[in-house]
Amino acid sequence: MSTQEPRAGRVAIVGRPNVGKSTLLNALLGQKLAIVTDRPGTTRTCLLGVYASESPPTQIAFVDTPGMERPRSVLGRVLHEEAQGSLEDVDATLVVVDATRRGAGNDPIHAADAQIVEQALAVGKPVILALNKVDLVKQKPELLPKLAAWSERFSLAAMVPLSALGSDNLQPLLDELRAHLPEGVLYPPDFLTDRPTRFLAAELVRESLMRHTREEVPYAVAVQIERFAEDTKVTRIEATVVVDKRSHKGIVIGAGGERLKRIGSDARKELEELLQRKVFLKLFVKVEEDWTRDPNKARRLTRESSG
Ligand SMILES: Nc1nc2c(ncn2[C@@H]2O[C@H](COP(=O)(O)OP(=O)(O)O)[C@@H](O)[C@H]2O)c(=O)[nH]1
Ligand SMILES: [Mg+2]
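The residue numbering used here restarts from 1 in each chain and proceeds along that chain's sequence as written. As a convention, the first chain written is A and the first ligand written is 1, with the rest following in written order. Only residues with pLDDT of 70 or above have their local features reported here, since the model is predicted, and side-chain atom pairs are shown and tallied only from 80 upward, although totals for entire chains, interfaces and linings are computed over all residues. Only hydrogens and water are set aside; all other atoms, that is, all heavy atoms of the structure, feed into the side-chain values.

**Student:** Even after reading the chapter, I still don't get the packing of helix α6 (residues 197–212) against helix α8 (residues 258–275), so can you show me in this structure?
**Tutor:** Angle between the axes and distance between the axes are the two parameters that describe a pair of packed helices. All axes here are fitted lines through C-alpha atoms, helices being fitted over the stretch that makes contact, and every angle between N-to-C directions spans 0 to 180 degrees. Think of it this way: any DSSP run of H or I at least four residues long counts as a helix, any run of E at least two long counts as a strand, and we number them from the N terminus. One way to put it is that α6 packs onto α8 with a least axis distance of 9 Å and a crossing angle of 140 degrees. Our classification of the angle between α6 and α8 gives oblique. Considering the relative orientation of α6 and α8, their crossing is right-handed. Packed against α6, whose contacting residues are T197, L200, A201, L204, V205, E207, S208, L209 and H212, the element α8 presents R259, R262, I263, D266, A267, E270, L271, L274 and L275 at the interface. Just so you know the grouping, Ala, Val, Leu, Ile, Met, Phe, Trp, Tyr, Cys and Pro go in nonpolar, Asp, Glu, Lys and Arg go in charged, and all remaining residues, Gly too, go in polar. Residue composition of the contact of α6 with α8, by class: 10 nonpolar, three polar and five charged. Between 65 and 115 degrees an angle is taken as roughly perpendicular, under 35 as roughly parallel, over 145 as roughly antiparallel, and anywhere else as oblique. By convention, the crossing between two helices is left-handed when the near helix turns anticlockwise from the far helix through less than a right angle, and right-handed when the turn is clockwise. Pairs of residues are marked as contacts when any of their non-hydrogen atoms sit within 4.5 Å.

Next up, the structure:
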């Protein structure tokens, strides 16, 4: 048996909103790091998650990004800046597309996906395409014209059909990525993320909130951790939910505080899973008028506050 050289590098995960980038990151890491909902625009900051394997020795620093759709709002613009920045300084780019989606006029390639691949290729690093959600494609041969169209139109380093949700066909993707990384080691063993636990905790509260509220409310929500104290037996967490309209406060709290209670209890379960210990969680709700429309506030509340 020949020993293989260690390889390590950075890979940005980009793609349109809702194609499954965050789900794929979690599946690759075998751990929930990024929050996931069925709504576009869930991921707000670039999130580093390091995949590590011993044989062959590999470290892949994945950077999950907010979706790269053309932004329509101030908050959207702030998220777009964040995604664009992540493309610099990578060894390879992983573009994720939804294998079930087609473009206009039955084009097997959606124009918005094509644009993202072009942007990624312009960086000059290898681009690997993940065709995600193949679990939803009942007739697998339907994927063939799609794969043919992609390889005809772009010079991609590789294409991998997979299911992030079903953790299906992930190893071929990891093998392709490894092949494009430089030799070396970048992180200490067991290094998972650059984000403090407080940040992950705030994200889990936001995920629960997004899942329990409807329509426009979730996009106008930020979460700040006020207290994070590790006692001998429990971790005590206090968090403030920041909404941008007075009317949203009532929606989040719900009649008799019922909704906030459910948001808190779901978030607590996720937090206990993440921290592997008992958690007491206390939630507060605060109105900060129009924070999603003010670029400075939007930057502060999406990038820093949760940490
Ligand atoms: N059926 C199916 N759904 C998926 C798959 N990957 C992601 N999803 C769903 O797609 C939605 C968006 O996922 P998310 O990871 O938040 O997408 P992102 O916006 O690109 O980060 C969620 O409801 C996921 O459960 C997959 O492989 N198959
Ligand atoms: Mg995401």
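**Student:** Sorry, what's going on with the site of ligand 1 here?
**Tutor:** Residue proximity to a molecule or strand is established when one non-hydrogen atom of the residue lies within 4 Å of it. What surrounds ligand 1 is a group of 18 residues, the closest being N18, G20, K21, T23 and D135. Within 3.5 Å is the distance limit for a polar contact, defined as a pair of N or O atoms, with the added protein rule that one can donate a hydrogen and the other accept it, and that residues adjacent in sequence qualify only through two side-chain atoms. Contact distances for ligand 1 include 3.0 Å between an oxygen atom and a backbone N or O atom of S22. Protein coverage of the free-state accessible area of ligand 1, which is 580 Å², stands at 88%. Examining the composition of the shell around ligand 1, we find that three residues originate from one element, helix α1 (residues 21–29), more than from any other. Residues belonging to the shell around ligand 1 are distributed by class as follows: six nonpolar, seven polar and five charged. Surface exposure here means Shrake-Rupley accessible area, sampled with a 1.4 Å probe, where a residue is shielded only by the protein chains that are shown.

**Student:** Looking at this model, I keep getting lost on the side chain of D98. Mind explaining?
**Tutor:** Note on placement: D98 falls in strand β4 (residues 92–98). Each residue is placed in one exposure class: buried if its accessible area under a 1.4 Å probe, protein chains only, is under 20% of its type's maximum, exposed if it is over 50%, and partly exposed if it falls in between. For D98, a relative accessible area of 10% puts it in the buried group. Among the polar contacts made by the side chain of D98, one reaches the side chain of T100 at a distance of 2.6 Å. Setting aside its immediate chain neighbours within four residues, D98 contacts V19, N132, K133 and K146.

**Student:** It is not clear to me how helix α3 (residues 111–122) should be interpreted in this structure. Could you clarify?
**Tutor:** The length a helix should cover is 1.5 Å for every residue beyond the first. Counted at 1.5 Å a residue, the expected span for α3 with its 12 residues is 16 Å, and the 16 Å between its end C-alpha atoms agrees. Burial in α3 covers these residues: A112, D113, A114, I116, V117 and A120. Where α3 is buried, its residues meet β1 (7–15), β4, β5 (127–132) and α4 (143–153). Phi for G124, located one or two positions after α3, is positive at around 90 degrees.

**Student:** What is the right way to read the pattern of salt bridges from this model?
**Tutor:** Between side chains of opposite charge, pairing is possible as soon as their charged atoms come close. Whenever Lys or Arg places a side-chain nitrogen within 4 Å of a carboxyl oxygen from Asp or Glu, that contact is recorded as a salt bridge. Summed over the entire model, instances satisfying the criterion amount to 17 salt bridges. For R268, the salt bridge is made with E272, and the minimal N-O distance between the two is 3.4 Å. Placement of both R268 and E272 in helix α8 is noted, with a separation of four residues, approximately one turn of the helix. Here R268 falls in the partly exposed class, since its relative accessible area comes to 26%.

**Student:** Mind showing me how you'd approach the domain arrangement of the protein here?
**Tutor:** In many analyses, interface size is given as the accessible surface area lost on bringing the parts together. In this document the domain limits rely on a domain assignment from an automatic tool or a database. Along its sequence, the protein is organised into domain 1 (7–179) and domain 2 (197–304). One C-alpha centre belongs to domain 1, the other to domain 2, and the line joining them spans 28 Å. Each partner contributes residues to the interface: domain 1 has 16 residues there, and domain 2 has 27 residues. Of the roughly 2,000 Å² buried between domain 1 and domain 2, counting both surfaces, carbon and sulfur atoms make up 52%. We define buried area as the total accessible area lost by two parts upon association, computed with a 1.4 Å probe and summed across both. In terms of surface lost to domain 2, no three residues of domain 1 exceed I35, R39 and R44, which account for 34% of the buried area on that side.

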